[in-house]
Amino acid sequence: MSTSGFRPAVIPLMAVAAGVIVANIYYNQPILKEIALSLQVNESQIGKISMLSQLGYGLGMFFLLPLGDKVNRKKLILLLCALLVLTLFFITLTSSLTVLYVLSFFVGLFSTPAQIILPMAATLGKDNRGKNVGVVFSGILVGILGARVLSGFITELFGWRYVFGISSGMVLVVTLLLKFYLPEVPSKFKGSYLHLLKSTLALVSEYRVLRQAALLGAFTFGVFCSFWTTLTFHLSGPPLNYNSGIIGLFGLIAIGGALVAPYFGKLADKGNVQRSLIITVSMIIGSILLIKVFPYSIPVLILSVFFLDIGVQATQITNFTRIYSLHEEAHSRMNTIYMTTYFIGAAVGTYFGLLSWKLGEWDMATWQMLLWSVIALVIVIFSNRRK
């Protein structure tokens, strides 16, 4: 693969850019209560902005990510980033819940460049493909987990609107840097857009492992998003009554978990996929059981956040290892199927988390998470490595 103007130093820039972009989907989670109070709506109503941003991201994965194989990736990334900057800016101005719903959906949709950048890294510096993808994926993880910490502190100091205003400026900066330093990567796919989507869908029926990995990813990430959305309400309510700054600190614990997660990718590289997945999903189940039995114990909550994040992120890394071994020429389209299902699972998980909270608060929410975790374990047990 020949590229124009590729320099190895651009990989860290891609990692930072991907993290800054993807963080926008998660900024709202620890500050939902503050947004609700500002707009004078209830928790169930405001929680939908998390669901809509994840749904927008999932649909972006399906309809926009495949374009990375057909059009100039650099121009596509810059266009979507520019639209994201504008959307974030408009959020700082709105006082309407309906408008916030629409803008939250588009924040998710226009955050797609994070996943266009990831497979793009695999085409740069072929001898260091694994290393490059790992660096960019680490940037995405830090963006996902660090978003909660940053939004909590900014909200505590200045108010929730500043979170999106500052993010708009950050995305603008990385967009300008990408314009000057991101190399041109020639596209491979020469067919129509419709043909591109059809070829993407064909991979679902062709690869059993892809179907299993996508379904497993949907359930585990659904648990993850359900957990973080309802955890905000749990920590901010009695008897804990934590503010957004303290709630955001729990994101630091999750970052620590993400640093451990890549170890399980090494297990998958050695062929221990089944063993790795059983361990990681069992971690998720164990974490949910702990917080269900000890709902107000801070040490237990800290341990649960740590191991829950290891379980979810390590499952994702193992799934990436599986699907990227299936078809060398279709990484972007493989990524489309996996990430679309993954983030639809996130949106559905958030929805059921909010519904469970409405019906029975933390007790009902943890039952829902436990059910999804057990389903994920069943998928692992009945799956195999046949393509």
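Use the structure listed above.
We now turn to the structure provided with this report. For every chain, the first residue of the written sequence is number 1, and numbering continues from 1 along that sequence. A pLDDT threshold of at least 70 governs which residues receive local features in this predicted model, and a stricter bar of 80 or more applies before side-chain atom pairs are shown or counted, although totals over entire chains, interfaces and linings include all residues. Only hydrogens and water are removed before side-chain values are computed, so all heavy atoms of the structure are retained for them.

### So, the overall build of the protein
Point 1. Runs of H or I in DSSP of at least four residues are treated as helices and runs of E of at least two as strands, each being numbered from the N terminus. Within the protein, the secondary structure is distributed over 15 helices and zero strands.
Point 2. For the exposure calls, accessible area comes from a 1.4 Å probe over protein chains only, and a residue counts as buried if that area is under 20% of its type's maximum, exposed if over 50%, partly exposed in between. When burial is assessed residue by residue, the protein has 59% of its 387 residues classed as buried.
Point 3. Of the contacts formed within the protein by residues at least 6 apart in sequence, a portion of 83% connects residues at least 24 apart.
Point 4. Working note: accessible area of the protein is about 15,200 Å², and carbon and sulfur atoms make up 69% of it. For this analysis, residues touch if any pair of their heavy atoms sits within 4.5 Å. Note on areas: these come from Shrake-Rupley sampling with a 1.4 Å probe, and a residue is covered only by the protein chains present in the view.

### Things to note about the packing of aromatic side chains
Point 1. The pairing test for Phe, Tyr and Trp rings, Trp by its six-membered ring, is centres within 6.5 Å, and the orientation test on the planes gives stacked under 30 degrees, edge-to-face over 60, and tilted for anything in between. Taken as a whole and judged by the stated rule, the model has 17 aromatic pairs.
Point 2. An angle of 40° between the planes, with centres 5.6 Å apart, marks the rings of F158 and Y162 as tilted.
Point 3. A centroid spacing of 6.2 Å and a plane angle of 55° characterise the contact between F352 and W372, whose relative ring orientation is tilted.
Point 4. For W372, a relative accessible area of 12% corresponds to the buried category.
Point 5. Taken together, the aromatic side chains of F221, F224, F227, W228, Y338, Y342 and W362 make up a single cluster linked through ring pairs.

### Focus on the environment of V281
Point 1. With respect to the helices, strands and loops of the structure, V281 is situated in helix α13 (residues 273-293).
Point 2. Residue classification places V281 among the buried positions, given a relative accessible area of 0%.
Point 3. Not counting residues up to four positions away in its chain, the partners in contact with V281 are L216, T220, T315, S373, A376, L377 and V380.

### A closer look at the nonpolar core
Point 1. Within the largest apolar cluster, 126 residues are counted, with the highest numbers of intra-cluster contacts made by M14, I46, I117, F221 and F227.
Point 2. It is helix α15 (residues 331-382) that contributes the most residues to this core, 18 residues altogether. For our purposes a nonpolar core is just a set of buried Ala, Val, Leu, Ile, Met, Phe, Trp, Tyr and Cys residues, chained together by side-chain atoms within 4.5 Å.

### Quick look at helix α9 (residues 193-206)
Point 1. Expected helix span is computed as 1.5 Å times (number of residues minus one). Here α9 contains 14 residues, and its C-alpha end-to-end distance of 20 Å stays within 8% of the 20 Å for a straight helix at 1.5 Å per residue.
Point 2. Within α9 the residues assigned to the buried category are L196, L197, S199, T200 and L203. Angularly, the buried residues of α9 cover 160° about the axis, an arc narrow enough to put them on a single face. Across α9 from its buried face, at more than 90 degrees, point the exposed residues L194, K198 and S205. What the arc measures is the spread of directions leading from the helix axis to the C-beta atoms.

### Digging into the pattern of salt bridges
Think of it this way: side chains of opposite charge can pair up when their charged atoms draw near.
Point 1. Only one rule defines a salt bridge in this text: a Lys or Arg side-chain nitrogen within 4 Å of an Asp or Glu carboxyl oxygen. Here the structure, examined in full by the defined rule, presents one salt bridge.
Point 2. Here D363 makes a salt bridge to K292, at a shortest N to O gap of 2.8 Å. In this pair, D363 sits in helix α15 while K292 sits in helix α13, placing the two residues 71 residues apart along the sequence.
Point 3. Among the residues examined, D363 registers a relative accessible area of 46% and is labelled partly exposed.

### A word on the side chain of T229
Point 1. Mapped onto the secondary structure, T229 falls in helix α10 (residues 208-236).
Point 2. Aside from chain neighbours lying at most four places away, what touches T229 is Q29, L32, S50, T350 and L354.

### Topic: the packing of α13 against helix α14 (residues 298-323)
Point 1. To obtain an axis, a line is fitted to C-alpha atoms, over the contacting stretch when the element is a helix, and the angle between two such axes runs from 0 to 180 degrees between their N-to-C directions. Axis separation between α13 and α14 bottoms out at 8 Å; the angle between their running directions is 155°. With respect to their mutual orientation, α13 and α14 come out roughly antiparallel. Handedness of the α13/α14 crossing: left-handed.
Point 2. Classification convention: Asp, Glu, Lys, Arg as charged; Ala, Val, Leu, Ile, Met, Phe, Trp, Tyr, Cys, Pro as nonpolar; all other residues, Gly among them, as polar. Here the contact of α13 with α14 is composed, by residue class, of 15 nonpolar, eight polar and one charged. Small angles under 35 degrees read as roughly parallel and large ones over 145 as roughly antiparallel, with 65 to 115 read as roughly perpendicular and the rest as oblique. Left-handed is the label given to a crossing in which the near helix is rotated counterclockwise from the far helix by less than a right angle, and right-handed is the label when the rotation is clockwise.

### Section: helix α1 (residues 10-22)
Point 1. Look at α1: 18 Å from first C-alpha to last across 13 residues, which is about the 18 Å you get at 1.5 Å a residue.
Point 2. By the criterion of burial, α1 is predominantly enclosed, with eleven of the 13 residues buried.

### Side note on unusual backbone geometry
Point 1. Look at the link from P238 to P239: it is a cis peptide, with omega at 5°.
Point 2. As for its placement among the helices and strands, P239 is situated in the loop between α10 and α11 (244-260).
Point 3. Residues other than glycine seldom take positive phi values, yet N241 does so here, at roughly 55°.
Point 4. Along the chain, N241 turns up in the loop between α10 and α11.
Point 5. A residue is classified by how much of its surface remains accessible, and N241, at 49% relative accessible area, is partly exposed.
Point 6. Despite not being glycine, E361 shows a phi value in the positive range, around 50°.
Point 7. In this fold, E361 is placed in helix α15.
Point 8. Exposure remark for E361: the relative accessible area of 48% places this residue in the partly exposed category.

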